[in-house]
Amino acid sequence: KAGVTQTPRYLIKTRGQQVTLSCSPISGHRSVSWYQQTPGQGLQFLFEYFSETQRNKGNFPGRFSGRQFSNSRSEMNVSTLELGDSALYLCASSPSLFYNEQFFGPGTRLTVL
Amino acid sequence: QKEVEQDPGPLSVPEGAIVSLNCTYSNSAFQYFMWYRQYSRKGPELLMYTYSSGNKEDGRFTAQVDKSSKYISLFIRDSQPSDSATYLCAMSKGAGNKLTFGGGTRVLVKP
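Residues numbered from 1 in each chain as written. Chains lettered and ligands numbered in written order. Predicted model: local features only at pLDDT ≥ 70, side-chain atom pairs only at ≥ 80, totals over all residues. Heavy atoms only, no water.

1. Describing the overall build of chain A
Here's step 1: Helix and strand counts for chain A stand at 0 helices and 11 strands.
Here's step 2: Ordered by position from N to C terminus, the α and β elements of chain A give β-β-β-β-β-β-β-β-β-β-β.
Here's step 3: Taking the principal axes of its C-alpha atoms as reference, chain A extends roughly 35 × 25 × 25 Å.
Here's step 4: Buried positions account for 50% of the 113 residues belonging to chain A.
Here's step 5: Within chain A, contacts between residues separated by at least 24 positions form 54% of all contacts whose residues are at least 6 apart in sequence.
Here's step 6: Carbon and sulfur atoms form 49% of the exposed surface of chain A, whose accessible area is close to 5200 Å².
Here's step 7: Distance between charge centres in chain A, computed from 11 positive and 6 negative side chains, equals 4 Å. (Helix = DSSP H or I, 4+ residues; strand = E, 2+ residues; numbered from the N terminus. Buried < 20%, exposed > 50% of the residue type's maximum accessible area, 1.4 Å probe, protein only. Contact = heavy atoms within 4.5 Å. Areas by Shrake-Rupley, 256 points an atom, 1.4 Å probe, with all protein chains shown as cover. Lys, Arg positive; Asp, Glu negative; His and termini not counted. Charge placed at Lys NZ, Arg CZ, Asp CG, Glu CD.)

2. Considerations on unusual backbone geometry
Here's step 1: With an omega dihedral of -10 degrees, the bond running from Thr7 of chain A to Pro8 of chain A counts as a cis peptide bond.
Here's step 2: Mapped onto the elements of the fold, Pro8 of chain A is located in the loop between β1 (5-7) and β2 (10-13).
Here's step 3: Going from Gly9 of chain B to Pro10 of chain B, the amide bond is cis rather than trans, its omega being 10 degrees.
Here's step 4: Here Pro10 of chain B shows up in the loop between β1 (4-6) and β2 (11-14).
Here's step 5: With a phi close to 80 degrees, Ser72 of chain A is a non-glycine residue in the positive phi region.

3. Description of the pairing of strand β4 (residues 31-38) of chain A
Residues and elements named next belong to chain A.
Here's step 1: Among the 8 residues of β4, 8 are classified as buried, and the element is accordingly described as predominantly covered.
Here's step 2: The alternating pattern of β4 places Ser31, Ser33, Tyr35 and Gln37 and Val32, Trp34, Gln36 and Thr38 on opposite faces, both of which are buried.
Here's step 3: Note: β4 against strand β5 (residues 42-50), 8 bridges, orientation antiparallel. Opposite Thr38, over in β5, you have Gly42 as the bridge partner. (Pairing = 2+ DSSP bridges.)

4. Re the sheet that holds strand β8 (residues 74-78) of chain A
Residues and elements named next belong to chain A.
Here's step 1: With respect to topology, 4 strands assemble into an open sheet ordered β1-β3-β8-β7, the strand pairing being antiparallel. The open sheet has two free edges, formed respectively by β1 and β7 (64-68), since each of these has just one partner strand. When the angles between neighbouring strand axes are averaged without regard to direction, this sheet yields 20 degrees.
Here's step 2: Where β1 meets strand β3 (residues 19-24), 3 bridges bridge the pair, whose relative direction is antiparallel. Across the sheet, Gln6 pairs through a bridge with Cys23, a residue of β3. (Axes fitted to C-alpha atoms, helices over the stretch in contact; angles between N-to-C directions.)

5. Thoughts on the side chain of Asn77 of chain A
Residue and element names in this part refer to chain A.
Here's step 1: Among the structural elements, Asn77 can be located in strand β8.
Here's step 2: Of the polar contacts made by the side chain of Asn77, one reaches the backbone oxygen of Val19; its length is 3.3 Å.
Here's step 3: Apart from the residues lying within four places of it in its own chain, the contact partners of Asn77 are Gln18, Val19, Thr20, Arg63, Phe64 and Ser65. (Polar contact = N/O pair within 3.5 Å; in protein donor to acceptor, adjacent residues only side chain to side chain.)

6. So, the state of the cysteines
Residue and element names in this part refer to chain A.
Here's step 1: Under the defined criterion, the tally for this structure stands at 2 disulfides over all chains.
Here's step 2: At a sulfur-sulfur separation of 1.8 Å, the disulfide partner of Cys23 is Cys91. Its S-S torsion of about -55 degrees marks the bond between Cys23 and Cys91 as left-handed, since a negative value means left-handed. Placement of Cys23 in strand β3 and of Cys91 in strand β9 (residues 87-94) is noted, with a sequence separation of 68 residues between them.
Here's step 3: Given a relative accessible area of 0%, Cys23 falls into the buried group.
Here's step 4: On the basis of relative accessibility, which here comes to 0%, the residue Cys91 falls in the buried class. (Disulfide = S-S within 2.5 Å.)

Structure, rendered in structure tokens:
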């Protein structure tokens, strides 16, 4: 069974731009969560989607948003990029909301110049 | 103060030694506990998953949870150079899937 895939793997943007990252969960998994990983803050929860609905949201500004499609694929968007948004963005999937084990993709490394 | 504390290391051990990792947490609502391994420039890989207090063994890995002390541990027996990675503890309060992570411990296993 294929794992979680994320595209693109690497991205370079400049301040003020916006970016969209994509995540395809493991086949059959319906819950998708997004995390930001930085050297200073570690792994921090962004949001979680299940059945195309955001079920949980972390403590990030409104510039960070996401959505989930009917096939469980998910996208996250960051608008008006700031230097501090440079990070590894990780997507994780699990079969359902009531299944705590999460399986991570390789991440998208975003660099904001 | 962070909800989950983890010594950042690095923890350097010779090949074949036992690696001992731990995390402490402050929120007694955490019920589910996980350990992930992350190689450089890769996503975290789930190693162990435990519910509530107790021990769980899987091959060379043993996870322990002591909820009364708010303390979890991971032991790696017969460590190999390929075990060199960052180990992250994570925990959740239940259904809803939000994971709270420790900062990770970098482990170096020297041949």
